[in-house]
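# Topology and contacts: notes
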2 protein chains.
Amino acid sequence: MKEKVYITIHDLAKELDLAPSTISRALKDHPSIGAETRQTVKKLAKLRGYRPNIMAVNLRNQRSKTIGVLISWINRPFLSNLISGIEAEARARGYNVIISQTTDNLAIEQDNAKALYDMRICGLITSLSIETLEYQHFEQFYKSGTPVVFVDRVPVDFDGQKVLIDNFRAGYDATAHLIDQGCRRIAHIGGSLNQMLYKERLRGFLQALEDHGLSANPDLILSGKSLSREESLVMATELFKNGHSPDGVFGANDIAAVCAIQIAKKMGRKVPEDVAIIGFNDDPICEIVDPPLSSMYHPAFEMGKISVSRIIDSLNDTRQTEDFSILTTELIPRKSSLRKG
Amino acid sequence: MKEKVYITIHDLAKELDLAPSTISRALKDHPSIGAETRQTVKKLAKLRGYRPNIMAVNLRNQRSKTIGVLISWINRPFLSNLISGIEAEARARGYNVIISQTTDNLAIEQDNAKALYDMRICGLITSLSIETLEYQHFEQFYKSGTPVVFVDRVPVDFDGQKVLIDNFRAGYDATAHLIDQGCRRIAHIGGSLNQMLYKERLRGFLQALEDHGLSANPDLILSGKSLSREESLVMATELFKNGHSPDGVFGANDIAAVCAIQIAKKMGRKVPEDVAIIGFNDDPICEIVDPPLSSMYHPAFEMGKISVSRIIDSLNDTRQTEDFSILTTELIPRKSSLRKG
DNA sequence: CTGTTAGCGCGTTCAG
DNA sequence: CTGAACGCGCTAACAG
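Here is a short report on the structure shown in this document.

Quick notes on the rules
- Residues numbered from 1 in each chain as written.
- Chains lettered and ligands numbered in written order.
- Predicted model: local features only at pLDDT ≥ 70, side-chain atom pairs only at ≥ 80, totals over all residues.
- Heavy atoms only, no water.
- Buried < 20%, exposed > 50% of the residue type's maximum accessible area, 1.4 Å probe, protein only.
- Helix = DSSP H or I, 4+ residues; strand = E, 2+ residues; numbered from the N terminus.
- Pairing = 2+ DSSP bridges.
- Axes fitted to C-alpha atoms, helices over the stretch in contact; angles between N-to-C directions.
- Contact = heavy atoms within 4.5 Å.
- Near = heavy atom within 4 Å.
- Polar contact = N/O pair within 3.5 Å; in protein donor to acceptor, adjacent residues only side chain to side chain.
- Nonpolar A, V, L, I, M, F, W, Y, C, P; charged D, E, K, R; others polar.
- Right-handed = clockwise from strand over helix to strand, strands pointing away.
- Parallel < 35°, antiparallel > 145°, perpendicular 65-115°, else oblique.
- Salt bridge = Lys/Arg side-chain N within 4 Å of Asp/Glu carboxyl O.

Residues and elements named next belong to chain B. In strand β11 (residues 324-327), alternate side chains face the same way, and those of Ser325 and Leu327 are buried while those of Phe324 and Ile326 on the opposite face are not. Sheet topology places strand β5 (residues 161-165) next to β11; four bridges connect them, and they run parallel. Considered in β11, the bridge of Leu164 is made with Ile326.

Structure follows, in structure tokens:
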């Protein structure tokens, strides 16, 4: 089964009666190599189908031109879009992408971080697990000069490059939209307040209420953990069961908002007439649910590409002027929240 | 920025006054090492936080304990679940996963296959691009003894390990279910007939009709390409526009079926009373759409795990008795197709 | 401009 | 049971 399949610079060297190092240099356009030998070498290399042995290159260079990605679950719309963007940009720039998922478990996140570190990844892109409140497992990367980029679920009180959206602003805009549509008793279904991101969306929500002269009703402000469908159904039910009957709901993700729509309908409320609803992320389900769900577009693919650029720029010592990339979200109004002409 | 961070077997050797080779053997429980030196070595290794340099190991072994994954898009429900299963199983077994997406483009698939080959991946898992009708770019792996596992979108007329579902059977079951619910003029919205998978689903569809004494109406059998939402909306519209008015629709994926529901409703047909609809994959949208969509559960995560097992078994020369893993799909009936009690 | 040499860190002969 | 030596394929320092 094993043939002579891989050809090395030694093979080329022997064939051209040159030294291996000459081949190596010729192939990477080293200035001190004659134009004609360079041509000859390149020609033969192509002819023989030479391809550098990446494992040898890695060992030699002590790094692997591989970007590590550490996220909770690959199979979530936001994250799979993020990874898709990461992969697209990385491959276009000649980098590989290695992925590991933490299943939202801190211990696994720590283990996998170590494993990626051991592989000498040249950079790490991560969106924290929902449990993560300490960040020592990232320090090894800083110590060894490996750039780290935090995306979306970023740490608090821990320096580093961050790619994220303005969650306060987005929460504010979503809420203001509901108010603009005439809602006055607005509820919020949020995620874990350990997460900056959910805290900020809530803060934006509250600020919008205040700025428009509305008072926040604590009974209408719910906080879950991961905002899974199961959890969201429970919260949505609670919301419509107690006598408060909100006339607007801002869900901190689309799953929560969809559950709100479904429960509201089940309880006999009309959407958006009785209750206007808006979500967050602009997942595909927004166009599927009836009525279609308004949402805040969250540029996942784009965030992936930017994260990769940041890694590569850091490697090239192209100093970033800023540690943050704050992307803008966009309100995507659909029928679930439109009560005016 | 650079400290002495990585410690090698030489460091341990010096400290214990042993030879590096002894350390190497002790660490991997080579039989010819004394029980006590073995203990001593392991203890110190743990103490000093020794971790093998994977790049060196790879170079030495001429392979990289990395499984390559070549798929069209990471951000699609079926594929992101597949990858999630692959990653989970691979990491549990000590393998890494490197991903590359082809964007359903044959040329990119070929390039990326080459790139993965160059990395000396120890195995390849792939689901073909929609365009792929030739398979030479996989032959390099066979030649070098690298196992390849095709998943879901598998090649025709090309040998190799394959992990897939029985698409004929699944198509048959979905159709039989509609017939069982009283449908008589059943339509099919299918994907590219270049793909085995869609051809088989169609074949199952036709066979079910025949077995139940129904004749197929060519006007009710549509074939798209990728079955994207845009494409599906067009096909669904066509279906309900011409005078045929199907009383049942089998969509070859959930997107198509959801579009059928939405268009049917828009055209004033009641689902499932006027037209019963069933999809394929059991994507999350099935529970979101109104009415909830019946579907064929497609064990993506599981298929990922099995694919990894096949790769690892092949590497260990654990001969597979069969080249195929045929997983079973499961009918998940929901409101969109239930017309009986 | 090109060749020689010396590792990168590990595993694996072959000796003892 | 252990050590010495070599090489995986490539690159970079140092000669010429």
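Past the structure itself, the notes keep going.
Our focus in this paragraph is the sheet that holds strand β8 (residues 248-251) of chain A. All names here are of chain A. With respect to topology, four strands assemble into an open sheet ordered β7-β6-β8-β9, the strand pairing being parallel. Only two strands of the sheet have a single partner each, and these edge strands are β7 (221-223) and β9 (276-278). Averaged over all neighbouring strand pairs, the angle between strand axes comes to 10 degrees, with direction disregarded. On top of the sheet, helix α8 (residues 167-180) reaches β6 (186-190), β8 and β9; it is set at about 165 degrees to β8, its chief contact. Strand contacts of helix α9 (residues 196-211): β6, β7 and β8, with the helix running at about 170 degrees to β6, the strand carrying the most contacts.

A few words on the sheet that holds strand β8 (residues 248-251) of chain B. All names here are of chain B. With parallel pairing, the four strands of this open sheet are ordered in space as β7-β6-β8-β9. With one partner strand each, in any of the chains shown, β7 (221-223) and β9 (276-278) form the two edges of the open sheet. Going across the sheet, the axis of each strand differs from the next one's by a mean of 10 degrees, ignoring polarity. Examined bridge by bridge, strand β6 (residues 186-190) and β7 share three bridges and lie parallel to one another. Bridge pairing in β7 places Gly190 opposite Ser223. Sheet strands touched by helix α10 (residues 229-241): β6, β7 and β8. Its angle to β6, the strand with the most contacts, is close to 160 degrees.

As a further point, take the protein's contact with DNA strand D. The local shell around DNA strand D holds 26 residues, among which Ser24, Tyr50 and Arg60 of chain A together with Thr22 and Arg25 of chain B are the closest. For DNA strand D, the fraction of protein-proximal atoms (within 4 Å) that sit in sugar or phosphate groups is 67%. Here a phosphate oxygen of DNA strand D sits 2.6 Å away from a polar atom, N or O, in the side chain of Tyr50 of chain A. One of the backbone N or O atoms of Ala19 of chain B is found 3.1 Å from a phosphate oxygen in DNA strand D. Counting residues per element, the ones that place at least two in the surface near DNA strand D are α1 (9-16), α2 (20-27) and α4 (54-61) of chain A together with α2 (20-27) and α4 (54-61) of chain B.

The subject of this paragraph is the protein's contact with DNA strand C. Lining the immediate environment of DNA strand C, one finds 27 residues, of which Ser21 and Thr22 of chain A together with Ile9, Tyr50 and Arg60 of chain B sit closest. Looking at DNA strand C alone, sugar and phosphate atoms form 59% of those within 4 Å of the protein. One nitrogen or oxygen atom from the side chain of Arg25 of chain B is found 3.3 Å from a base oxygen belonging to DNA strand C. Within the side chain of Arg60 of chain B, an N or O atom sits 2.5 Å from a base nitrogen of DNA strand C. Broken down by secondary-structure element, the contributors of at least two residues to the surface near DNA strand C are α2 and α4 of chain A together with α1 (9-16), α2 and α4 of chain B. Per element, the largest residue contribution to the surface near DNA strand C is four residues, and it comes from α4 of chain B. Split by residue class, the surface near DNA strand C holds nine nonpolar, 12 polar and six charged.

A separate point is the pairing of β8 of chain A. Residues and elements named next belong to chain A. Burial along β8 is two-sided: Gly248 and Phe250 and Val249 and Gly251, pointing in opposite directions, are all buried. Of the strand pairs in this sheet, β6 and β8 are connected by four bridges, and their pairing is parallel. Looking across to β8, one finds that His188 is bridged to Phe250. Across three bridges, the pairing between β8 and β9 is parallel. When the sheet's bridge partners are listed, Gly248 is paired in β9 with Ala276. Of the crossover connections in this fold, the one passing from β8 over helix α11 (residues 254-266) to the parallel β9 is right-handed.

Residue and element names in this part refer to chain B. It is at 9 Å that the axes of α2 and helix α3 (residues 35-48) come closest, and there the two elements cross at 90 degrees. It follows from the interaxial angle that α2 and α3 lie roughly perpendicular. Within the contact between the two elements, α2 uses Ile23, Ala26 and Leu27 and α3 uses Arg38, Val41, Lys42 and Ala45.

This paragraph deals with the pattern of salt bridges. Counted according to the given criterion, the structure contains 30 salt bridges over all chains. Arg153 of chain A serves as the salt-bridge partner of Asp104 of chain A, at 2.9 Å between the closest nitrogen and oxygen. Separated by 49 residues along the polypeptide, Asp104 of chain A in the loop between β2 (96-101) and α6 (106-118) and Arg153 of chain A in the loop between β4 (148-151) and β5 (161-165) bring together distant segments of the chain. We classify Arg153 of chain A as buried; its relative accessible area is 10%. Two residues, Arg51 of chain B and Asp118 of chain A, come together in a salt bridge whose shortest N-O distance is 2.4 Å. On the criterion of chain membership, the pair formed by Arg51 of chain B in the loop between α3 and α4 and Asp118 of chain A in helix α6 is interchain, its members lying in two chains. The class of Arg51 of chain B is partly exposed, set by a relative accessible area of 34%. Here Asp118 of chain A falls in the buried class, since its relative accessible area comes to 7%. If you follow the salt bridges from partner to partner, you end up with Arg229 of chain A together with Asp282, Glu287 and Arg334 of chain B in one network.

These values are about where atoms sit, not about what they do.
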